[in-house]
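Observations on the model geometry
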Amino acid sequence: MASDMIGVHDLESAKPKQPPARSTNFLVKARDNLTFRAKWAEINGAMGDLGTYIPIILALSLARDLDLGTTLIFTGIYNIVTGLLYGVPMPVQPMKSIAAVAISNKSFGVPEIMAAGIITSGVALVLGVTGLMELAYWLIPLSVVRGIQLAQGLNFAMTAVKYIRKEQDLGKGKSTGQRPWTGLDGLILAIVACCFIILVNGSGKEIQRQNEHGTNEQQREDETSNEGNLNSTTVGRSKKFLEKLADSIPSAVLVFLLGLILAVIRKPSAVKELRAGPETIRVVHISRHAWKDGFIKGAIPQLPLTLLNSVIAVCKLSKDLFPEKQVRATSVSVTVGLMNLIGCWFGAMPCCHGAGGLAGQYKFGGRSGGCVAALGALKLVLGLVLGGSMLRVLVEFPVGLLGVLLLFAGVELAMAARDMSTKQEAFVMLVVTSVSLVGSSAALGFLCGMVAHGLIELRKLALK
């Protein structure tokens, strides 16, 4: 009888188990992707991308009548969706090359901006769906990607220093003179904000890398340094307490809130000009001439930047920062394509992902998709509740403080290049960076880097 019971039990256990429903798997993954790793750190990280986002959106709203309310709504949705899909602080940034053309060219208006965004996104979508973007991701040498990241990071940092040192007319994209030392947007304010962030965040947390024995190198160094120290326990507790205290201070949030308070103080009447309710969302009419100008003047210079920095570089950086997450070039290319093929028809600023935004959010504590989802929820609420009237307050925001946030995002992105350990890798990287910065073209820097890498490999083969 016992043997019969055992046999029945074995037969029941041998039955194939039903796989969990896909909807359940999706919900579990979504919850994990949106779960904060640390509450204040994640909220602080959400502010890390605003040094890029706010100046560009403000400039286009002032110079080309971009619909701020519509842009806030759509970019808020983009943030929430990307946080849900990827589980990392994947940024949503305005397409910078298109923005630069629009600010400097009066004939390049909203229809041309939207046409350029739709064309650029259409190309990104096709490359993603066909798998060509994934192929490019694996074929392009890491040293070339690091050169692009270093160039973009230094470009952000130099722009940030310009914001801090000189007063800006964002509507015209020009500096108007030296920034005074004192005042509600003075040099002293920016310097104090910089010092505050450095004291709280330092140079940022090192990525834990394991050695061949599976031990964290940083941990092993700490253990070695503590050997023979009688007060190591007390010192360790004090160090942990200070680290926990620093992590609990949302430096970027405090800087941003200070900026909002100062904006209201600079122009109290701006609060009275706020009005409830979203803007009316309308379909943008794009003429044949707008398609032509958008393609030639906007899409052609934007495409290399989108494909290299917003897809390939951001995937490489995501792998460095979050090796446990699978962020594929195919999916990133597809999301860049889809979000603009929808939003641009309604006047939302063309957007993409960016390595600089990811680095900035990571610098200030972003570690999950919940970080950008929280930022997206804030944008969505502001767009629906206040709409374009937010412009009255944001235009008074101290530009020097935005420069401070942008500075740390740029430095964090540039530091990704520190893993180039051989002279050949450093050489190729610096060729890409030099050409990209001097020629103001990521495409030209990429081309020169690929040629340099190819010639060095040919030389190696010839000398064998």
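Residues numbered from 1 in each chain as written. Predicted model: local features only at pLDDT ≥ 70, side-chain atom pairs only at ≥ 80, totals over all residues. Heavy atoms only, no water.

All right, on to the side chain of Lys316 then. Tracing the backbone shows Lys316 in helix H15 (residues 288-321). No salt bridge is formed by the buried Lys316, whose closest oppositely charged neighbour, Asp320, lies at an N-O distance of 8.2 Å. If near-sequence neighbours (up to four positions away) are discounted, Lys316 is found in contact with Tyr137, Ile140, Leu142, Val145, Arg146 and Gln149. (Helix = DSSP H or I, 4+ residues; strand = E, 2+ residues; numbered from the N terminus. Buried < 20%, exposed > 50% of the residue type's maximum accessible area, 1.4 Å probe, protein only. Lys, Arg positive; Asp, Glu negative; His and termini not counted. Salt bridge = Lys/Arg side-chain N within 4 Å of Asp/Glu carboxyl O. Contact = heavy atoms within 4.5 Å.)

Applying the stated criterion across every chain yields a total of nine salt bridges. A salt bridge links Lys297 to Asp293; the nearest nitrogen and oxygen atoms lie 3.7 Å apart. Taken as a pair, Lys297 and Asp293 lie in helix H15 at a separation of four residues, close to a single helical turn. A relative accessible area of 32% means that Lys297 is categorised as partly exposed. Here Glu457 and Lys460 are joined by a salt bridge, their closest N and O atoms 3.9 Å apart. Pair noted here: Glu457 and Lys460 are both in helix H22 (residues 442-463), with a separation of three residues, about one helical turn. Under the relative-accessibility criterion, Glu457 is labelled partly exposed at 30%. Take Lys460: its relative accessible area is 41%, and that puts it in the partly exposed class. The structure contains a network of salt bridges with shared partners spanning Arg146, Asp320 and Asp419.

On to the environment of Glu112. Its place among the elements puts Glu112 in helix H7 (residues 110-130). Separated by 181 residues in sequence, Glu112 and Asp293 place their C-alpha atoms 6.3 Å apart. Once residues within four sequence positions are removed from consideration, Glu112 is found in contact with Ser107, His289, Ala290, Asp293 and Gly294.

Our next topic: a nonpolar patch on the surface. Where nonpolar side chains cluster on the molecular surface, the patch consists of Leu444, Leu447, Val451, Leu455, Leu458 and Leu461 and spans about 590 Å² of accessible area. Mapping Val451 onto the fold places it in helix H22. (Patch = residues over 30% accessible without salt bridge, like charges linked within 9 Å, V, L, I, M, F, W, Y side chains within 5 Å. Areas by Shrake-Rupley, 256 points an atom, 1.4 Å probe, with all protein chains shown as cover.)

Moving on, we get to the UniProt feature "transmembrane region" (unreviewed entry) in the protein. Under the feature "transmembrane region" (unreviewed entry), the UniProt entry names residues 68-88, 108-129, 135-161, 181-200, 248-265, 371-391, 397-415 and 427-456. The span residues 68-88 carries 90% helix and 0% strand; its end-to-end C-alpha distance comes to 26 Å. (UniProt positions renumbered as here; feature names shortened; annotations may be inferred.)

Counted under the stated rule, the structure contains seven aromatic pairs. Geometrically, the ring pair formed by Phe74 and Tyr78 is tilted, given 6.3 Å between the ring centres and 50 degrees between the ring planes. Of the two residues, Phe74 and Tyr78 both sit in helix H5 (residues 68-86), four residues apart, roughly one turn of that helix. Of the aromatic side chains, those joined through ring pairs into one cluster are Phe74, Tyr78 and Phe346. Positioned above the aromatic ring of Tyr137, the side-chain terminus of Lys316 is 4.5 Å from the ring centre. The ring of Tyr362 is capped by Arg367, whose NZ or CZ atom sits 3.7 Å from the centre of that ring. (Phe/Tyr/Trp six-rings, centres within 6.5 Å; stacked < 30°, edge-to-face > 60°. Lys NZ or Arg CZ within 6 Å of the ring centre and 35° of its normal.)

Moving on, we come to the pairing of strand E3 (residues 174-178). Counting buried residues in E3 gives zero out of five residues, a small share hidden from the surface. Relative to E3, strand E2 (residues 166-169) is paired through four bridges, and the arrangement is antiparallel. Paired with Gln168 across the strands is Ser175, a residue of E3. Counted along the chain from E2 to the antiparallel partner E3, the turn is four residues long, and its residue Gly173 has a positive phi close to 65 degrees. (Pairing = 2+ DSSP bridges.)

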